[in-house]
Amino acid sequence: IAARNSGRELNERERRMRDAEQAAGGHVDHCTELYALAAIAYRTLTGQPPYAGGEIAETLYRVVHTRPKRPTEIAPHLRVDVDLVLAIGLARRPGERFGAAIDFAGALVDALEGRLSPDLRAKGEHLVKSGAWTQAMLRPSTARIRGPAH
């Protein structure tokens, strides 16, 4: 990537991958890197970054004060389990995220293959119910078609 992009482009991408506590001036540790990994996976799978803004300040504001779109809303071909794994990876609180990159990678593979563990599914569902994603503004007829799986 570095060979194909200027330093300025890389710096802007890195800033867009910041987690909420880092964007708010908080502590930076391995959990921040795990968040960035989840943000990269989100972008890779959906074609969009979780938080897009024109200027860096706008992007950082969105990281702190808004929620990203549900991945399956952007890329309906993905399994709902991918939503759950990315909800864990992009969790606001560092303690709710995966403990290591290998755990995230394994869970993402499992989600993509439709074999996410019940424990991770429950953890992801809890985060989704707690507001991990923006609420789509669906018309009642559309909500009936999509059903509770989304």
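Scroll up to find the structure.
Procedures and definitions
Residues numbered from 1 in each chain as written. Predicted model: local features only at pLDDT ≥ 70, side-chain atom pairs only at ≥ 80, totals over all residues. Heavy atoms only, no water. Helix = DSSP H or I, 4+ residues; strand = E, 2+ residues; numbered from the N terminus. Buried < 20%, exposed > 50% of the residue type's maximum accessible area, 1.4 Å probe, protein only. Contact = heavy atoms within 4.5 Å. Areas by Shrake-Rupley, 256 points an atom, 1.4 Å probe, with all protein chains shown as cover. Expected span 1.5 Å × (residues − 1). Arc of directions from axis to C-beta. Axes fitted to C-alpha atoms, helices over the stretch in contact; angles between N-to-C directions. Parallel < 35°, antiparallel > 145°, perpendicular 65-115°, else oblique. Left-handed = near helix turned anticlockwise from the far one by under 90°. Nonpolar A, V, L, I, M, F, W, Y, C, P; charged D, E, K, R; others polar. Core = buried A, V, L, I, M, F, W, Y, C linked by side-chain atoms within 4.5 Å.

Participant: Residue-level account of the overall build of the protein, with values.
Facilitator: Helices and strands together make up the secondary structure of the protein, namely nine helices and zero strands. For the protein, the sequential pattern of α-helices and β-strands runs α-α-α-α-α-α-α-α-α. Going through the 150 residues of the protein one by one, you find that 37% of them count as buried. When contacts within the protein are restricted to residue pairs at least 6 apart in sequence, those whose partners lie at least 24 apart make up 68%. A total accessible area of about 8700 Å² is found for the protein, and carbon and sulfur atoms account for 55% of it.

Participant: Can you tell me about the environment of Val109, naming the residues and giving the values?
Facilitator: By secondary structure assignment, the location of Val109 is in helix α7 (residues 101-112). Note on Val109: relative accessible area 39%, which makes it partly exposed. Separated by 27 residues in sequence, Val109 and Val82 have C-alpha atoms that sit 9.0 Å apart.

Participant: Pulling in residues and values, what's your account of α7?
Facilitator: Between its terminal C-alpha atoms α7 stretches 16 Å, which fits the 16 Å expected from twelve residues at 1.5 Å a residue. Listed as buried for α7 are Phe104, Ala107, Leu108 and Ala111. Buried positions in α7, seen along its axis, are confined to an arc of 100° and lie on one side of it. Residues of α7 that are buried make contact with α3 (30-46), α6 (80-89) and α8 (118-129). Looking one or two places after α7, you find Gly114, whose phi comes out positive at around 75°.

Participant: Can you explain the environment of Leu86? Please cite residues and give values.
Facilitator: Its location among the elements puts Leu86 in helix α6. Counting along the chain gives 42 residues from Leu86 to Val128, while the straight-line C-alpha distance between them is 9.9 Å. Dropping the residues within four chain positions of it, Leu86 is found in contact with Ala38, Ala41, Tyr42, Leu45, Pro71, Phe104 and Trp133.

Participant: Before we move on, can you summarise the packing of α3 against α6 with the specific residues and values?
Facilitator: Direction vectors running N to C along α3 and α6 enclose 150°, while the axes themselves pass 8 Å from each other. If you check the angle between α3 and α6, you find them roughly antiparallel. Both α3 and α6 take part in a crossing whose hand is left-handed. Residues Leu34, Tyr35, Ala38, Ala41, Tyr42 and Leu45 of α3 lie in contact with α6, whose contacting residues are Val82, Leu86 and Gly89. In terms of residue class, the contact of α3 with α6 is built from eight nonpolar, one polar and no charged.

Participant: Hey, could you go over the nonpolar core for me, with residue numbers and the actual values?
Facilitator: Val85, Leu86, Leu90, Phe104 and Trp133 are the most contacted members of the largest nonpolar core, which totals 27 residues. Broken down by secondary-structure element, the contributors of at least two residues to this core are α3, α6, α7 and α8. Counting residues per element, this core draws most heavily on α6, at six residues. In this structure Phe104 touches Leu37, Ala38, Ala41, Val85, Leu86 and Phe98, once residues within four positions along its chain are discounted.

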